[in-house]
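Inside the fold
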Amino acid sequence: MTAPPRRLDLHSIRAAAVAAVLAGALAGCAPGGDDELQAQLDAVFTDYSSADGPGCSLGVIRDGRLIHATGYGAANLDYGIPNRPATIYRIASVSKQFTAGAVALLALRGEVDLDAPVQRYVPEFPDYPDPPTVRHLIHHTSGVRDYLGVFSLAGSRSEDFITNPDILDAIHRQRELNFPPGAEYLYSNSGYVLLAEIVARVSGQSLREFAQAEFFDPLGMPRTHFHDDHNEVVSDRATGYSPTDDGFRIDMTTLDVVGDGGIYTSVEEWPAWDRNLTEGTVGGPEWVALMHERGVLTSGDTIPYAFGLSHGEHRGVATVGHSGSWVGYRTGMSRYPDAGYSFVALCNRSRIDPMALIRSTAEIYLEDVMDPPEEVADVAEAAEAETAEEAPAEDDASDAQPDRDIPNRSRYAGSFYSPELDATYRIEEEGSAGLTLRVGRRDPVALAAEADGQLTTEDGPTFRFSELAGGRYEAMTVDAGRVRNLRFARTEG
């Protein structure tokens, strides 16, 4: 019987063609001399190079070796300390690959079943009819609500002290998922906190201890660690900052939770981890393959997100990367495996886009093997856009502005309680036609009407009211980005 013809794998053909070009071109594709190279890189980071403001550290890695490292701006404005390649940064959600890597190690050792329900390892996890698995957590396809959104909706602020037990309690209070597991991709930091808990319960070590013993010590990364005590002293640490009208303010966190974030590291130590993602010094080739294994939805569609890494493409060259965003830190890493290059940008100023800086840097080194910019739709940004530790902006506002003159506003006024948040929302009449929302320790927020029975805030959640009785709404549901369909019921008063 004649074998059927093989389907042409256009991606493989393209990768082979790129590899062939690279083999002959890479040696000469970097720009001229050292001075010219430095000038081009400095131009990319020119907005962040002043000693009067925070900035970034940049690392360029070729074949697992750091070939260029530079610091820009200040690590500490109080003492005028500059950013350097050795400066230690909190890398936010770029940390997720280490958490996923720990789970991958345990899975390859037969200690964790990726397709087992989460409840097998965390028995107090809610008993959902369609239970999410460990693999769903890794790929952000679990439907588990994002704890940052949950805490924000409950009235917490980013500077409030939140512990690991607090987050686990909040996750366990949820009685509904955002969607059936595997149906969608929706980024959830809760999944990676649960993964950290699974590592701890299976290994008998905290995630920090496990990662230190299994990754950082063997790979020679002595200063890299999961920072699970915000009061711990870290030498050479960059302070996080956010811009103000007249300068900058310190923007740090008291969050001790790790798993979804929390790694502290430097550009100087990053190449050891980069090499492991290729060579598998820890974990072997099976671990490397698993780390790059993309998630698959129940529909059969493959998503870009793998094990804390997101696949993409930049001007025709395949990439694997992740970005991070938390308080005053913005970070990113992107590997160009076919080219043998990797780039890492660690920044201590919010409102920086490190992935854009990385793409501009990569173009300096790889221009000769990239497609012309005008001929390609760059999908790298799309693949990495939702990989921030911080909750994203909520649903985009429509072109039509919501109306703050709310008709029948007495229907909405009163108190509504959510057991899943363990929080009460107080909606109060204000002025002649407005409504104000009060929750927790947050400042009051003005509400606006989107439609009859539907309110919103300027950049926040959507409130949908139902069960009109006695001239008042008795229930509402709240949708807010990574938290969907939270239910509230009217209380007395």
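Along each chain, residues carry numbers from 1 onward, in the same order as the chain's sequence is written. In view of the model being predicted, local features appear only for residues whose pLDDT reaches at least 70, and side-chain atom pairs are presented and counted only at 80 or more, with totals across whole chains, interfaces and linings using the full set of residues. Remark: hydrogens and water are excluded; side-chain values derive from all non-hydrogen atoms of the structure.

1. A few points about the overall build of the protein
- Per the convention used, a helix needs a DSSP run of H or I reaching at least four residues, while a strand needs a run of E reaching at least two, with both numbered from the N terminus. Looking only at helices and strands, the protein has 12 helices and 21 strands in total.
- When burial is assessed residue by residue, the protein has 54% of its 493 residues classed as buried.
- Pairs of residues are marked as contacts when any of their non-hydrogen atoms sit within 4.5 Å. In the protein, once contacts between residues fewer than 6 apart in sequence are set aside, the share between residues at least 24 apart is 65%.
- Method for areas: the Shrake-Rupley scheme with a 1.4 Å probe, in which residue coverage is limited to the protein chains shown. Roughly 21,100 Å² of accessible area belongs to the protein as shown, and the carbon and sulfur atoms make up 48% of that amount. Burial classes: relative accessible area under 20% of the type maximum marks a residue as buried, over 50% as exposed, and values in between as partly exposed (1.4 Å probe, protein chains only).

2. Focus on the pattern of salt bridges
- Salt bridges, as used here, are contacts in which a Lys or Arg side-chain nitrogen is within 4 Å of a carboxyl oxygen on Asp or Glu. Taken as a whole and judged by the stated rule, the model has 22 salt bridges.
- Close ionic contact of Arg484 with Glu184 constitutes a salt bridge, the shortest N to O distance being 3.1 Å. Taken together, the residues Arg484 in strand E21 (residues 483-491) and Glu184 in the loop between helix H6 (164-173) and helix H7 (189-203) connect sequence positions 300 residues apart.
- For Glu184, a relative accessible area of 29% translates into the label partly exposed.
- Salt bridges sharing common partners tie together Arg84, Arg223 and Asp236.

3. Side note on the environment of Asp228
- Within the secondary structure, Asp228 sits in the loop between strand E6 (225-226) and strand E7 (241-244).
- With 22 residues separating them in the primary sequence, Asp228 and Ser206 have C-alpha atoms 9.6 Å apart.
- Among all residues touching Asp228, those that are not within four sequence positions of it are Arg208, Asp256 and Val258.
- Side-chain polar atoms of Asp228 contact the side chain of Arg208, separated by 3.0 Å. Polar contacts, as used here, are pairs of N or O atoms within 3.5 Å; protein pairs need one atom able to donate a hydrogen and one able to accept it. Residues neighboring in sequence count only if both atoms are side-chain atoms.

4. Some remarks on the sheet that holds E6
- A pair of strands is labelled paired if DSSP reports no fewer than 2 bridges between them. Taken in spatial order, the three strands line up as E5-E9-E6 in an open sheet, and their pairing is antiparallel. In this open sheet, the two strands that pair with only one neighbour each are strand E5 (89-90) and E6.
- With two bridges connecting them, E5 and strand E9 (residues 263-265) associate as antiparallel partners. Considered in E9, the bridge of Arg90 is made with Tyr264.

5. Let's talk about the confidence of the model for the protein
- pLDDT is defined as a per-residue confidence score from the predictor, taking values between 0 and 100. Chain-level statistics for the protein give a pLDDT mean of 88 and a share of 86% at 70 or above.
- Low confidence marks residues 1-30, where pLDDT is under 50. Its contacts with residues over four positions away, or in another chain, come to 23 contacts.
- Below pLDDT 50 for its whole length, residues 380-389 participates in 43 contacts with residues either more than four positions away or in separate chains.

6. Topic: the side chain of Ser190
- Looking at where Ser190 falls in the secondary structure, it is placed in helix H7.
- Separated by 2.7 Å, the side chain of Ser190 and the backbone nitrogen of Tyr147 make a polar contact.
- Beyond its immediate stretch of four places on either side in the chain, Ser190 contacts Val144, Arg145, Asp146, Tyr147 and Ile171.

7. Quick look at the sheet that holds strand E11 (residues 317-326)
- Strand order in this open sheet of six strands is E2-E1-E13-E12-E11-E10, and the pairing throughout is antiparallel. Single-partner strands in this sheet number two, and they are strand E2 (65-72) and strand E10 (310-314). Each neighbouring strand pair of the sheet contributes to a mean axis angle of 20°, computed without reference to strand direction.
- Running over the sheet, helix H9 (residues 270-279) touches strand E1 (56-62), E2, strand E12 (329-336) and strand E13 (341-347) and is turned about 40° from E12. Comment: axis = line fitted to C-alpha atoms, over the contacting stretch for helices; angle = value between 0 and 180 degrees taken between N-to-C directions.

8. Here we look at the environment of Gly220
- With respect to the secondary-structure elements, Gly220 resides in the loop between helix H8 (207-219) and E6.
- With relative accessibility at 48%, the residue Gly220 sits in the partly exposed group.
- For the pair Gly220 and Ala272, spaced 52 residues apart in sequence, the C-alpha separation works out to 7.0 Å.

9. Some points on the packing of H9 against helix H10 (residues 284-291)
- Taken N-terminus to C-terminus, the directions of H9 and H10 make an angle of 100°; their axes are 7 Å apart at the nearest point. With respect to each other, H9 and H10 are oriented roughly perpendicular. Listed contacts from H10 to Trp273, Asn276, Leu277, Thr278 and Glu279 of H9 are Trp287, Val288 and Met291.
- Amino acids are sorted into nonpolar (Ala, Val, Leu, Ile, Met, Phe, Trp, Tyr, Cys and Pro), charged (Asp, Glu, Lys and Arg) and polar (every other residue, Gly among them). Its residues assigned to classes, the contact of H9 with H10 shows five nonpolar, two polar and one charged. Working rule for angles: under 35 degrees goes down as roughly parallel, over 145 as roughly antiparallel, 65 to 115 as roughly perpendicular, anything else as oblique.

10. Some points on H10
- Every buried residue of H10 is listed here: Gly284, Trp287, Val288, Leu290 and Met291. Down the axis of H10, the smallest arc covering the buried residues is 165°, so these residues share one side.
- Of the surrounding secondary structure, the elements contacted by the buried residues of H10 are helix H3 (96-108), H8 and H9. The arc refers to the directions leading from the helix axis to the C-beta atoms.

11. Topic: the state of the cysteines
- Disulfides are defined as cysteine sulfur pairs within 2.5 Å. As enumerated under the stated definition, the model contains one disulfide in all.
- Between Cys56 and Cys347 runs a disulfide, and the two sulfur atoms are separated by 2.2 Å. Taking the sign of the S-S torsion, 100° for the link of Cys56 and Cys347, the bridge is right-handed. Of this pair, Cys56 sits in strand E1 while Cys347 sits in strand E13, placing them 291 residues apart in sequence.

12. So, the pairing of strand E15 (residues 423-430)
- Across five bridges, strand E14 (residues 414-418) lies against E15 in antiparallel orientation. Residue Tyr417 lies in a different strand from E15, and its bridge partner there is Thr424.
- As consecutive antiparallel partners, E14 and E15 are separated by four residues, and within that stretch Asp422 has a phi angle of approximately 50°, a positive value.
- Bridge analysis of E15 against strand E16 (residues 434-438) gives five bridges, and the strand direction is antiparallel. Its bridge partner lying in E16, Glu429 is registered against Leu435.

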